Amino acid sequence: MIQKRGGKSMTYMKNENTNADPEEFWDLGIVSAPKGRLRKASEAHTSPADMEIDPPEPAISAPASVRKRTYPAEEKTPESSVRRSVTHEKMQVSEYVPDDSLIHNVKVFTWHTNYSYYEQFCRVAARVDGIEGKPVPYVPFFSYMPQYSQLTESQFAYYLWMREEIRRGRAPEADYSYILLYIYELINLSDRKPVREILDSLTDIWIFYRGQYPRLDVQLSDWICDFCLINRLRPDFDRLNTFGTELVRSATLKEFYVDTRSGGDVRAKLLMTYCSNYDYTKSKFATGENRNLYVKHMTGVVSSVLEGAKTGKSPVFASGLQDSRISRDAYTGALCSPKIKKRIEIEYTSFTHSHELRFIITDLLKYSENRIRAYLGIKSRLSCSGITPEMKTAADTYFDEHLPLKSRSHNEHEIPAYERLYEPTSTGLSYENAAEIEKLSWDTTDKLLDAFSETDRNDLPTDDNVVNDTVTIIPDAQIFGADEDPSETEKENDTVFTHEELSFLVAALSLDVIGQKKAAESSGQLPDAMADTINEKSLDILGDMVLEDVGGSYSVIDDYADEVKQWIGL
Amino acid sequence: MGQNENTRLQKVPKRILSSLISSVSAGVVPRSGAPYIAIGRRDEISAFLSDLELISDGGGSMRFLIGRYGSGKSFLMQLIRGYALERDFLTADCDLSPERRLYGSGGNGVATYRELMKNLASKSSADGGALQKIIAKWIFQLENEIGEDSSDDPSKIAVSLEKEIRRQLSELEFLVGGFDFSRVIREYYIAVRTGNDNVAAACLRWLRGEYSTKTEAKRELGFDVSLVIGDGNWYDFLKLWAALSHRMGYRGLLVFIDECVNLYKIPHRVSRENNYEKILSMFNDTLQGRAEYLGIVLGGTPQFLEDTRRGLFGYEALRSRLCDSRFYVEGCKNLVGPVIRLTRLSDDELLALVVRMTVLHGQNFNWEPRVTEEDQLRFLKVCLERAGADSMITPREMLRDYMTVLNILMQNPEMKFSDVVVGGDGDSDKSDNGNVSAVAEESRFDPDDIDF
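We now turn to the structure provided with this report. The numbering scheme is per chain: residues are counted from 1 as the chain's sequence reads. Chain A is the first chain written and ligand 1 is the first ligand written, with later ones labelled in order. Per-residue local features of the predicted model are confined to residues with pLDDT of at least 70, and side-chain atom pairs are confined, for both listing and counting, to 80 or more; whole-chain, interface and lining totals are unaffected and use all residues. The side-chain numbers reported here are obtained from all heavy atoms of the structure, hydrogens and water having been left aside.

So, about the interface of chain B and chain A. Across the boundary between the two partners, chain B contributes 68 residues, which contact 60 residues of chain A. Note on definitions: buried area is the accessible-area loss of two parts on being combined, 1.4 Å probe, summed for both. Of the roughly 5900 Å² buried between chain B and chain A, counting both surfaces, carbon and sulfur atoms make up 57%. Within 3.5 Å is the distance limit for a polar contact, defined as a pair of N or O atoms, with the added protein rule that one can donate a hydrogen and the other accept it, and that residues adjacent in sequence qualify only through two side-chain atoms. Inspection of the region where chain B meets chain A yields 14 residue pairs in polar contact (both at pLDDT 80 or more). Gly falls in the polar group here, along with every residue not listed as nonpolar (Ala, Val, Leu, Ile, Met, Phe, Trp, Tyr, Cys, Pro) or charged (Asp, Glu, Lys, Arg). Each residue belonging to the side of chain B that touches chain A can be placed in one class, and the counts come to 27 nonpolar, 14 polar and 27 charged. For this analysis, residues touch if any pair of their heavy atoms sits within 4.5 Å.

Our next topic: the pattern of salt bridges. Any two side chains of opposite charge can pair if their charged atoms end up close together. A pair is scored as a salt bridge if a Lys or Arg side-chain nitrogen falls within 4 Å of a carboxyl oxygen belonging to Asp or Glu. For the structure on display, the rule yields 47 salt bridges over all chains. One salt bridge connects D549 of chain A with K133 of chain B, and the closest N-O pair in it is separated by 3.7 Å. Linking D549 of chain A in strand β11 (residues 547-549) with K133 of chain B in helix α6 (residues 131-149), this pair reaches from one chain into another. Each residue is assigned to one of three classes by its accessible area relative to the maximum for its type, calculated with a 1.4 Å probe on protein chains only: buried under 20%, partly exposed between the two thresholds, exposed over 50%. Classification of D549 of chain A as partly exposed rests on a relative accessible area of 42%. A residue is classified by how much of its surface remains accessible, and K133 of chain B, at 10% relative accessible area, is buried. Linked through salt bridges whose partners overlap, the residues forming this network are E132, K134, E164, E165, R168 and R170 of chain A. In this description a helix means any DSSP run of H or I spanning at least four residues, a strand means any run of E spanning at least two, and both kinds are numbered starting from the N terminus.

Of note in this structure, L511 of chain A is not a glycine but carries a positive phi near 55°. Counting through the fold element by element, L511 of chain A comes out in the loop between α16 (499-509) and α17 (513-522).

With that out of the way, let us pick up the sheet that holds strand β2 (residues 90-95) of chain B. Residues and elements named next belong to chain B. One requirement defines pairing of two strands: DSSP has to find at least two bridges between them. On the basis of which strands lie adjacent, the open sheet formed by five strands has the order β2-β3-β4-β1-β5 and parallel pairing. Unpaired on one side and paired on the other, β2 and β5 (339-342) mark the two borders of the sheet. Here the strands of the sheet are splayed against their neighbours by 15° on average, with no regard to which way each runs. Note that strand β1 (residues 60-67) and β5 share four bridges and pair parallel. Each bridged residue has a counterpart across the sheet, and for I66 the counterpart in β5 is R341. Contacting β2, β3 (253-258) and β4 (294-300), helix α11 (residues 234-247) crosses the sheet at an angle of about 145° to β3. Note on geometry: axes are lines fitted to C-alpha atoms, helical ones only across the stretch in contact, with angles between N-to-C directions running from 0 to 180 degrees.

Bringing the packing of aromatic side chains into the picture now. All names here are of chain A. In summary, the pairing rule links any two rings of Phe, Tyr or Trp, Trp by its six-membered ring, whose centres are within 6.5 Å, and it sorts them by plane angle into stacked for under 30 degrees, edge-to-face for over 60 and tilted for everything else. For the structure shown, the criterion picks out 25 aromatic pairs over all chains. Between Y176 and Y213, the ring centres sit 5.1 Å apart and the planes meet at 45°, which makes this aromatic pair tilted. In this pair, Y176 sits in helix α3 (residues 176-188) while Y213 sits in the loop between α4 (195-209) and α5 (215-231), placing the two residues 37 residues apart along the sequence. By relative accessible area, which is 17% here, Y213 ends up buried. Judged by centre distance (6.5 Å) and plane angle (10°), the ring pair of Y280 and Y294 falls under stacked. In this pair, Y280 sits in the loop between α8 (264-274) and α9 (291-311) while Y294 sits in helix α9, placing the two residues 14 residues apart along the sequence. No difference in accessibility class separates Y280 from Y294, as the two residues are buried. Clustering of aromatic rings is evident, with ring pairs tying together F121, Y148, F156, Y159 and Y182. Cation over ring: R210 sits above F243, and NZ or CZ is 4.0 Å from the ring centre. Geometrically, a lysine NZ or arginine CZ counts as sitting over a ring once it is within 6 Å of the ring centre and also within 35 degrees of the ring normal. The positively charged end of K341 is found above the aromatic ring belonging to W111, 4.9 Å away from the centroid.

Quick look at the structure:
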């Protein structure tokens, strides 16, 4: 390994170098700086140096006399001149107030740094501007920062042809680098060519190639904005409005692209898109056949309110809009000479940064959606408690004219068709009919009360299988009404209570929990089961239960206490 | 009234009659005694009774009882419920609400199941809370059967009993959740026999769906269960109960779910349709024989059924199953289909109801109501003359008003019917619109009358 240091060569020995002194290998004095000798500061400077490199000659070159446009003669700087970047105070170049724009004031300053490495590009651009391109085959080209010096001969020829086609209003096949090169050319010729023509060309490029290169939206939106602000131009809204809301989507200064001279729709859409927290397009009701209704009337109401603000008929945005100020470097990211590059200070009315306006628009949109939902008969509503009465009135005025609600009386009288299936049949009023119905209803009552069919009666215990120590209960006439015929109930209600069950009833009368348990256990049952059995039997006798659960034990229902006492012989 | 009717009336048990009068006076559906005021509705009742025959034979049924508020849906449900209980069915009923639905991920579904289990009723526990009793009774029945066949050795009886329980429950194990269901009932029996109240209570809690996690259930039960009854499976356990009810000796399980309009009111479409999907599942199971011994009755309003946006008819699978045939003739009754539409009682039926209540009131309070046929007719006319009464009048309101009149007459022997009820004869002053309560001002208590 060889290193030059202070003019002295040092050789670091590898194993194969046998002539060197091995001891020198460990000598650190070789690598350290010599003492006592200060090194002189290097006189070499690092400022950029211009190098003249002529672009290749095109395969077909136009005669020098052919010129499409006339420009001032280019200035040739002395060769081998070396320029240094110099920082200086920025100087205001111009200040003006644009017409009919949200931009209030524009100040243009010179660029604070004077660099020279793009000067050659400018000179070449001026030279080739007048060259007419001829049809040549497509040649691909790629560069991150395309310049003429990077082009080969064939690429340059294709570039000229592409540029020619664009000038003629056509969009030939072009790589992105070609397009950037043309844009840079246009920007850097803004002091040599009519600025309106340059703007037209930039607009053409944007329109022709934005579909193929979406990134153009990001770059050209800002560069065209800078170009217009510097040169006091108004963008070509007639052509750019075809972009719709996408026009401003990528722009940094969205307010620049708001065409205040146009109808309310464009501005309305911009406000709805960029100055609202509510996106009505995502409403679950704005689908299908309702979608067009939503689009039409949501845009319509905002446009109407904006128009009203213009003519003073509706209150609105005056308090909502706020002024903002920004400073921006023109042509950021573009190849630009310092003579063209500027610093711009802008004062404008901001709707993207206006929080109050954002809330106003949001409430307006929500209120408008509620009106549309009311028209469609949808009951759910959005909450928009912050809407001002003036805004509400303005919205109501629009909807009353364009989308009036259906009359309430119509809604109230609209009874669903199926309701008539539930209307009573009209039979008039007759006591005889009612008496007949009442009499016949006893059949229904009997059917409902008749708990036993013939089959069931056969399952009732007969005298043969009755245990000797059971008691037969014959219900007393006093159980029912005064005119009771006991014999009839006797026939139907002969039932057998076992002694254990009677013991259980005795314990239930006195709420004796232990007695109930004993009685149940003596027959091998749980108290619940025994109570169940007793109740079933009493249902046969009385038509009702006699025991009720009182939380852990059973008690005789007061209404039947007398009957139970009779059963147990008390 | 004729002697025949008096004879029939004398069979009304005192407690039931008292409860009936109290319920009607309060304007609520009587829990007991409903058959005694079952006026009209003969065809609807016959349709339900035939369903009960089908269920007791091992089939399933599902009915949608649809009618406006106050048309008598809940009354008819209570009527059928009482009849089913008398016929040895088990019944379970609940009202849906915002907290109780058929499907819900936050416990709304199992809340319905818990309410049903709380209201599980049998013939001898008609007011509900029969879960514990029916299990106890069943075990006692098995013990009796085994005791007859085997010797009196209690230990042998216990072993045989456990075998028998296992055998009977094993038939349920092929159903969803059947294995754990059988295990818990078996363990409940063992816990009761050994006096382990904690485990017995835990088993009952599991059967009522009161555990939300398996861990909690396992900790309290003392044994592993593979699932707990929750939102996703409570209906499967309802089918298990229906199957078990038959093995217990009952004819089947009848489930009444009222106030289904609460499903219609669910604002979220997906949630609402999940509930409707549950209804569809129940419908398919019962009518395709996959839910033995199970009958389900859903009560709801016309909007719940027929609204094509949010009702059952808005859910195509149910609409195609429940809607009327294209040959349906309006005005004709068709009670064979799953939907029973209840219209308001006719004017004559309302009058018949008034007549019946007069007699029952007199029977309950042991007095002779001073009400003639003309008075009853006039009362009804007064009720029907109110604005909107032709479509809005309900038996509930009318009977409540009539009970008020009878109570006034009973407590004020000097008053006549015409003093209480003004209007209805065309000549009376209609300035108060025949308002019954306005005339009662004369007999209203005035604190100034107190003589200290």
